[in-house]
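Structural overview
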Amino acid sequence: KHKGRKEKGEKNTHEAEAYVIVTPYHLKQYNNRWFLIGKHKDSDYLSNFAIDRIEGVKETSKPYIIQPEGIDFKEYFSDIVGVSRSNAPVEEVILKVSDKAIGYIVTKPLHESQSAVTTPLEDGYWKITLKVQNNYELRSLLRSFGAQIEVIAPESLRQMMKETAETVSQIYEK
């Protein structure tokens, strides 16, 4: 049994319990949490399940489905931040980083694709580039830096970050 977020459109979005049959293939740690990567019985795609949200495991009589050939998990995760893969294209993400955050980001890169060379910009800012998919974990990571990071490109990610910032700002204007 796994507790996870409910799908859009359901009344209570706090937590849902579900019994799912999963063929496990891989374990991955991200942000102090372990995830089981496997294939749900009704899906052609890999899914991730937070280990700490799994309430129980029960062996079934169903045959184990061998991992599809060609899945190299190092490669599978190479162009995403975190564990959530989507159909979004891999894009060059250009960031404008403040002097206050650049030292931290250089010594603890945001992603393995982060440019090795930081380019100085005007007024104490730096340009950093990544080659990743736009996913939830990327946006969360960028938001964690607050005003110390600005997304320059792609425009779609910049717009998403702007809309979130406006929503947060409205909360504090009350």
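For the structure, check the block above.
Below: a short report on this structure. What you are looking at is a predicted structure, and each value in this text was computed from that prediction instead of being measured. (Residues numbered from 1 in each chain as written. Predicted model: local features only at pLDDT ≥ 70, side-chain atom pairs only at ≥ 80, totals over all residues. Heavy atoms only, no water.)

1. Description of the packing of aromatic side chains
This model, assessed by the stated rule, comprises five aromatic pairs. Summarising the aromatic geometry, the rings of Y76 and F77 are spaced 4.9 Å apart at their centres and angled 90° between planes, so their arrangement reads as edge-to-face. Considered together, Y76 and F77 belong to a single accessibility category, that of buried residues. Members of the aromatic cluster, joined through ring pairs, are F73, Y76 and F77. Between K28 and the ring centre of F77, over which it is positioned, the NZ or CZ distance is 4.9 Å. R85 extends its terminal NZ or CZ atom over the ring of Y76, reaching a point 4.9 Å from the ring centre. (Phe/Tyr/Trp six-rings, centres within 6.5 Å; stacked < 30°, edge-to-face > 60°. Buried < 20%, exposed > 50% of the residue type's maximum accessible area, 1.4 Å probe, protein only. Lys NZ or Arg CZ within 6 Å of the ring centre and 35° of its normal.)

2. Points about the nonpolar core
Among soluble globular proteins, nonpolar side chains are generally buried collectively. In terms of nonpolar packing, the biggest core is built from 18 residues, with L95 and L142 touching the most fellow members. Looking at this core, the elements with two or more residues in it are β6 (90-98), α2 (99-107), β8 (125-133), α3 (136-143), β9 (149-153) and α4 (155-172). Other than its neighbours up to four places away in sequence, L142 contacts L95, L110, I149, V151, L157 and M161. Listed in part, the ten residues of the second largest apolar core include Y25, F35, A50 and I80. (Core = buried A, V, L, I, M, F, W, Y, C linked by side-chain atoms within 4.5 Å. Helix = DSSP H or I, 4+ residues; strand = E, 2+ residues; numbered from the N terminus. Contact = heavy atoms within 4.5 Å.)

3. Notes on the pairing of strand β3 (residues 22-30)
Relative to strand β4 (residues 33-40), β3 runs antiparallel, the two sharing eight bridges. Of the residues in β4, the one forming a bridge with L27 is L36. Taken together, β3 and the strand that follows it, β4, pair antiparallel across an intervening segment of two residues, in which N31 is found at a positive phi of about 55°. (Pairing = 2+ DSSP bridges.)

4. Observations regarding the sheet that holds strand β7 (residues 119-120)
Strands belonging to one sheet form pairs held by backbone hydrogen bonds; the direction of such a pair is parallel or antiparallel. With respect to topology, four strands assemble into an open sheet ordered β7-β8-β6-β9, the strand pairing being antiparallel. Strands with a single pairing partner mark the edges of an open sheet, and in this sheet they are β7 and β9. The pairing of β7 with β8 spans two bridges and is classified as antiparallel. Among the inter-strand pairings, T119 is bridged to a residue of β8, identified as K127. Its contacts with the sheet put α4 on β6 and β9, and the angle it makes with β9 is roughly 145°. (Axes fitted to C-alpha atoms, helices over the stretch in contact; angles between N-to-C directions.)

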